[in-house]
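A closer look at the structure
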Amino acid sequence: MKKTTKAIVVSALSIVSISGLAACGSDTESADTTVAANSTAPATPEITVTGQWARQSPMATDMGAAYMTINSNVDDELVGAMVDTSVAEMTQVHETIMGEGDSMKMQEVKKIDVIAGTPTELKAGGYHVMLMKLVKPLELGTEISVTLKFAKAGDVVVTVPILEEAP
Amino acid sequence: MACLFTQDEPRVTGTVSQRWNFSLLLDVFIKLGMRNLRQTILAVLAISSLALPLSACSQESTSSLLGYVPPSQLSSSGVSVTEQPGGKAFELKAQEGEVLIVYFGYTNCPDVCPTTLVAIKNAKKKIGALAERVDLAMITVDPQRDTANILPRYLSSFTDRFHALIPANDAELRSAENAFGATSSVITVDGKIEVVHGGTAYLVDDTGMVVVQWPFGLDSNSMANDLTILLNERTQTK
Ligand SMILES: [Cu+2]
């Protein structure tokens, strides 16, 4: 099951990168050029994830956070995230929200809207994939696998490097 | 006139001493302005000759603090929080000629707190030997979970010079927060612990005065800029 999703993601990535090239130099939306082959059928939801990273977890804490930029060719929703239980016991999609003055708190969100053609950023002080009850610290130079769950595109598996700060 | 406006702009301001000179001059201006027109004109002339070279309008952008300089004086002089390990009271002020960064946070915060602490770590890397005069005190707003066993270990992954401050009781936390105008709360909602805390880091001098505040998201280059200005100022005045 996991292998198939990975294969789909890989092919989705290559399709998107090719279409990205095709759109270069064109003033019109890239959708026009890529969908030309079968213009009557609705576009297959395709997700590309870039700039993904998870924060090295400091000693003494069992919480972690992962960040990335999500692109989709159709309007979609990120409805959840998962990591293997060998990494963390629980994974949630969170948002840090600003309150009065400089006050901040994190809260779980049910979904993040991903608008077609508009990069959706998960970054520090905003949206993040929250890794709770880490089984072991997230060590610099290693990688984890994060499964993102989309309403339309389904499961998308992303390999996420552990870094100290945003790449 | 543009110079007068920059004084009201919180983000880009002159160094602390420049601001002081300016407000003193403004005082003189207001007092004289009440008497008669001739003296007012003289005062304006005096300001334009004196204030211009001192003001933040000069071309050297490197001499400006990039954090926020609080308009009213904040001081944590005489305010102490229990430091762990050891359990001794730590007074919230820098050692002579140094700068102390005071930060309110909690270790189960994987998003906001490490962003700021890593930026501080990298800012220190960028200022060379000056970094030896930068101290860090993190006050946990979640002392129930951040015990003497946890907070020092957490901080040691960001810097080797720090003070792990764990308020012994609520009053201790609140008096520290009041000194900076900070707030926090820890509540349990549906069995989940929800922590609200401020994202600001406060830079305190050796008299306990808050000399600049760093809002959440300030990058390490800006922090390095501010540390360089503040530490060089402290060398010169010695
Ligand atoms: Cu979170």
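It should be emphasised that the depicted structure is a prediction, and the values quoted were computed from it without experimental measurement.

1. Here we look at the overall build of chain A
When helices and strands are counted, chain A shows 2 helices and 10 strands. Listed by position from the N terminus, the elements making up chain A come as α-α-β-β-β-β-β-β-β-β-β-β. Per-residue burial for chain A yields a buried fraction of 40% across its 167 residues. In chain A, the share of contacts with a sequence separation of at least 24, taken over all contacts with a separation of at least 6, comes to 66%. When the accessible surface of chain A is split by element, carbon and sulfur atoms take 57% of a total near 8900 Å².

2. Quick notes on the coordination of the copper ion
Protein-derived ligands of the copper ion are A:His94 (ND1), A:Met106 (SD), A:His128 (NE2) and A:Met130 (SD), with the metal-ligand distances lying across 2.1 to 2.4 Å. Classification of the site at the copper ion as tetrahedral follows from its 4 donor atoms and the range of 97 to 121° in their angles at the metal.

3. What about the pattern of salt bridges?
As enumerated under the stated definition, the model contains 13 salt bridges over all chains in all. B:Glu194 serves as the salt-bridge partner of A:Lys105, at 3.1 Å between the closest nitrogen and oxygen. Of the two residues, A:Lys105 sits in strand β5 (residues 103-108) while B:Glu194 sits in strand β7 (residues 192-198), which places them in two different chains. Given the relative accessible area of 22%, A:Lys105 is considered partly exposed. Of the charged contacts, one joins B:Asp205 and B:Arg234 as a salt bridge, the two residues approaching to 3.5 Å between their closest N and O atoms.

4. Observations regarding the nonpolar core
Judged by nonpolar contacts, the single largest core of 65 residues is most densely connected at B:Leu92, B:Phe104, B:Phe180 and B:Trp214. Not counting residues within four places of it along the chain, the set of residues in contact with B:Trp214 comprises B:Gly67, B:Ile101, B:Ile120, B:Gly199, B:Thr200, B:Ala201, B:Leu203, B:Met223, B:Asp226 and B:Leu227. Core analysis: the next-biggest nonpolar cluster, separate from the first, contains 28 residues, A:Leu78, A:Val83, A:Val129 and A:Leu131 among them.

5. Quick look at helix α4 (residues 112-126) of chain B
All names here are of chain B. Compared with the 21 Å implied by 1.5 Å per residue over 15 residues, the 22 Å span of α4 between its first and last C-alpha is a close match. In terms of residue burial, α4 counts as a mostly covered element, since 11 of its 15 residues are buried. Buried residues of α4: Val112, Cys113, Pro114, Thr116, Leu117, Val118, Ala119, Ile120, Asn122, Ala123 and Lys124, and no others. Among the residues trailing α4, glycine 128 stands out with phi positive, at a value near 60°.

6. Topic: the interface of chain B and chain A
Contact with chain B, which involves 27 residues of that partner, is made by 25 residues of chain A. Overall, the association of chain B and chain A removes approximately 2100 Å² of surface from exposure, summing both partners, and the carbon and sulfur fraction of that is 55%. Contact with chain A buries surface across chain B, with B:Asn108, B:Pro110 and B:Asp111 losing the most and accounting together for 26% of the total. Broken down by secondary-structure element, the contributors of at least two residues to the side of chain B that touches chain A are α4, α5 (151-156) and β7 of chain B. Bridge count for β5(A) against β7(B) is 2 bridges, and the pairing is antiparallel. Each residue of the ladder has a partner; that of A:Met104, found in β7(B), is B:His197.

7. Some details on the packing of aromatic side chains
Residues and elements named next belong to chain B. If you walk through the whole model with that rule in mind, you get 5 aromatic pairs over all chains. On the numbers, 6.3 Å between centres and 85° between planes, the contact of phenylalanine 104 with tyrosine 202 is edge-to-face. Here phenylalanine 104, found in strand β3 (residues 99-105), pairs with tyrosine 202, found in strand β8 (residues 201-204); they are 98 residues apart in sequence, far enough to count as distant. Of the residues examined, phenylalanine 104 reaches a relative accessible area of 3% and is grouped as buried. Note on phenylalanine 180 and tyrosine 202: the rings are 4.8 Å apart at their centroids and 40° apart in plane angle, and the pair reads as tilted. With phenylalanine 180 in helix α6 (residues 170-180) and tyrosine 202 in strand β8, the pair connects residues that are 22 residues apart, well separated along the chain. Here phenylalanine 180 and tyrosine 202 have matching classes, each one buried.

8. Concerning unusual backbone geometry
All names here are of chain B. Proline 85 follows glutamine 84 through a cis peptide bond whose omega is 0°. Mapped onto the elements, proline 85 comes out in the loop between β1 (80-84) and β2 (88-91). For aspartate 190, which is not glycine, the phi torsion reads 50° and is therefore positive. In this structure, aspartate 190 sits in the loop between β6 (184-189) and β7.

Each value, and the rule that gives it
- Residues numbered from 1 in each chain as written.
- Chains lettered and ligands numbered in written order.
- Predicted model: local features only at pLDDT ≥ 70, side-chain atom pairs only at ≥ 80, totals over all residues.
- Heavy atoms only, no water.
- Helix = DSSP H or I, 4+ residues; strand = E, 2+ residues; numbered from the N terminus.
- Buried < 20%, exposed > 50% of the residue type's maximum accessible area, 1.4 Å probe, protein only.
- Contact = heavy atoms within 4.5 Å.
- Areas by Shrake-Rupley, 256 points an atom, 1.4 Å probe, with all protein chains shown as cover.
- Donors = N, O, S within 2.8 Å, 3.2 Å for Na, K, Ca; no water.
- Tetrahedral: all angles 85-135°; square planar, octahedral: opposite > 155°, others 65-115°.
- Salt bridge = Lys/Arg side-chain N within 4 Å of Asp/Glu carboxyl O.
- Core = buried A, V, L, I, M, F, W, Y, C linked by side-chain atoms within 4.5 Å.
- Expected span 1.5 Å × (residues − 1).
- Buried area = accessible area lost by both parts, 1.4 Å probe.
- Pairing = 2+ DSSP bridges.
- Phe/Tyr/Trp six-rings, centres within 6.5 Å; stacked < 30°, edge-to-face > 60°.

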